Amino acid sequence: MTENISILGSTGSIGTQALSVCEKLGIKVSALTANGNVELMEQQVRKFKPKLAVMGTQEKAEDLKLRLSDTDTKVSFGIEGLCEAASINEADTVLTSVVGMVGLKPTLTAISAKKNIALANKETLVTGGSLVTKAARDNNVNIYPVDSEHSAIFQCLQGCPDKKMLNRLILTASGGPFFGKSYDDLKNVTVEQALNHPNWSMGAKITVDSASMMNKGLEVIEARWLFDVPVEKIDVVVHRESIVHSMIEYNDNSVIAQLGVPDMKIPIQYALTYPERFECEVGKLDLTKIAKLSFYEPDYETFKCLRACKKSMELGGTAPVLANGANEEAVRLFLERKISFTDIGDLVWDSMSAVNIKSIDSLQDVLDADAAAREFVRSSI
Ligand code: MG
């Protein structure tokens, strides 16, 4: 169980909920990082008294420093600050809940410093899965999933004596706000429509990823690395109610599922308290009130991002990095209303043929492929 934590991305949806779990369970906080929300960071520092607080830019850090001049908290910024927070002495666990592949380097730094990882930043495993899992093995550290689907699988796997007995992992997907629509229906959807998720309350990037089903594609890749299961053994099923968070199927066709109300506090808390469990401030699941759970085949034609992610794993090497980098850039442009919603899937798909796919031997290979994919997207519009 975690006793002292460093939280990368403390002002976001996962970070703020994680802090309330820490407060309730008495977990000490040694470092906090945020991209731009200085005001909330100041409040968090005053409440949790970390040794280190990190902002995305020097300007934001100067602002925070002024506000915190009466405290003992050191203020830093940028990727170096993130890496400092990731390797801070006091912490035994680093929660990575930053948005995007910027989380990769700090995660590798935390692993080298022998910190356990509570992973909420799926882009880290999507882009650097081979590097991160090897580093974790070499340094003997654990990676605990925070993503609800992966937490569900992790919970279902407790008591599994040997992964050879697994037939498949079954990831559930809510289907998002555009379930049942065709590709043509989605050409003119607005930013507001894409940000209107039926079941989960999340940040903008992941909400758009859920609407395009890129999120589920990223989660398939994340599951491949987290559980060391080949992609052919990972299925996706659309489950509209988001009550079954995911399932595993054994070789005797017995299926184990994890259920609960859709609330991230459960997976966040379990990642921090594993193998123990504690009371959690979430609603009880009343299946008689829900009455009906529905399941559907995903639509790989309409949701090109999901198809692209599966394809990227077949192609291997830097292909998933390209798909992810193209998506990060395309989502940014969509949120700025510069491209249409369906352009996201097209750009993600095309990035894997427009940019050369290479093997991944180092962090630099990942960073280069990511930059090339982003450049491809920028030059396409
Ligand atoms: Mg998820």
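Cut-offs and rules
- Residues numbered from 1 in each chain as written.
- Predicted model: local features only at pLDDT ≥ 70, side-chain atom pairs only at ≥ 80, totals over all residues.
- Heavy atoms only, no water.
- Donors = N, O, S within 2.8 Å, 3.2 Å for Na, K, Ca; no water.
- Buried < 20%, exposed > 50% of the residue type's maximum accessible area, 1.4 Å probe, protein only.
- Helix = DSSP H or I, 4+ residues; strand = E, 2+ residues; numbered from the N terminus.
- Polar contact = N/O pair within 3.5 Å; in protein donor to acceptor, adjacent residues only side chain to side chain.
- Contact = heavy atoms within 4.5 Å.
- Pairing = 2+ DSSP bridges.
- Domains from an automatic or database assignment.
- Salt bridge = Lys/Arg side-chain N within 4 Å of Asp/Glu carboxyl O.
- Nonpolar A, V, L, I, M, F, W, Y, C, P; charged D, E, K, R; others polar.
- Disulfide = S-S within 2.5 Å.

Concerning the coordination of the magnesium ion
Part 1 of the reasoning: Of the protein atoms, only Asp-147 (OD), Glu-149 (OE) and Glu-219 (OE) coordinate the magnesium ion, at distances of 2.1 to 2.2 Å.
Part 2 of the reasoning: In primary-sequence terms, the residues that donate to the magnesium ion follow D-x1-E-x69-E.
Part 3 of the reasoning: The buried category is assigned to Asp-147, whose relative accessible area is 9%.
Part 4 of the reasoning: Taking relative accessible area as the criterion, Glu-149 reaches 8% and is therefore assigned buried.

Examining the side chain of His-197
Part 1 of the reasoning: Considering the arrangement of structural elements, one finds His-197 in the loop between α8 (191–194) and α9 (204–212).
Part 2 of the reasoning: Given the relative accessible area of 11%, His-197 is considered buried.
Part 3 of the reasoning: Within the structure, His-197 has its side chain in polar contact with the side chain of Ser-174 (distance 3.2 Å).
Part 4 of the reasoning: The residues contacting His-197, other than those within four sequence positions of it, are Ser-174, Gly-176, Pro-177, Met-202, Thr-207 and Ser-210.

Thoughts on the pairing of strand β9 (residues 234–239)
Along a regular strand, successive side chains alternate from one face of the sheet to the other.
Part 1 of the reasoning: Counted residue by residue, β9 has 5 buried out of 6 residues, so it is predominantly covered.
Part 2 of the reasoning: The sheet contact formed by strand β8 (residues 166–173) and β9 spans 5 bridges and is parallel. Following the sheet pairing, Thr-172 is matched in β9 by Val-237.
Part 3 of the reasoning: With 2 bridges connecting them, β9 and strand β12 (residues 295–296) associate as antiparallel partners. Bridge pairing in β12 links Val-238 to Tyr-296.

A closer look at the domain arrangement of the protein chain
Accessible area lost during the coming together of the parts is what is often quoted as the interface size.
Part 1 of the reasoning: In terms of domains, the protein chain is made up of domain 1 (4–146) and domain 2 (151–262 + 281–306).
Part 2 of the reasoning: Facing the 15 residues of domain 1 at the interface are 15 residues of domain 2.
Part 3 of the reasoning: Remark: the boundary between domain 1 and domain 2 carries 2 salt bridges.
Part 4 of the reasoning: Where Lys-122 meets Glu-219, a salt bridge forms, and the shortest distance between an N and an O atom there is 2.9 Å.
Part 5 of the reasoning: Taken together, domain 1 and domain 2 are joined by 3 residue pairs in polar contact (both at pLDDT 80 or more).
Part 6 of the reasoning: Of all the secondary-structure elements, those providing two or more residues to the side of domain 1 that touches domain 2 are α1 (13–25), α6 (122–139) and β7 (143–145).
Part 7 of the reasoning: Split by residue class, the side of domain 1 that touches domain 2 holds 8 nonpolar, 4 polar and 3 charged.

Comments concerning the environment of Pro-198
Part 1 of the reasoning: Take Pro-198: it is sitting in the loop between α8 and α9.
Part 2 of the reasoning: Residue class for Pro-198 comes out partly exposed when judged on its relative accessible area of 44%.
Part 3 of the reasoning: If we skip the residues at most four places from it in the chain, Pro-198 touches Gly-176 and Pro-177.

Looking at the state of the cysteines
Part 1 of the reasoning: Under the definition given, this model contains 0 disulfides.
Part 2 of the reasoning: You can see Cys-280 has no disulfide; the closest cysteine sulfur is in Cys-22, sitting 12 Å from it.
Part 3 of the reasoning: Using a relative accessible area of 24% as the deciding quantity, one classes Cys-280 as partly exposed.

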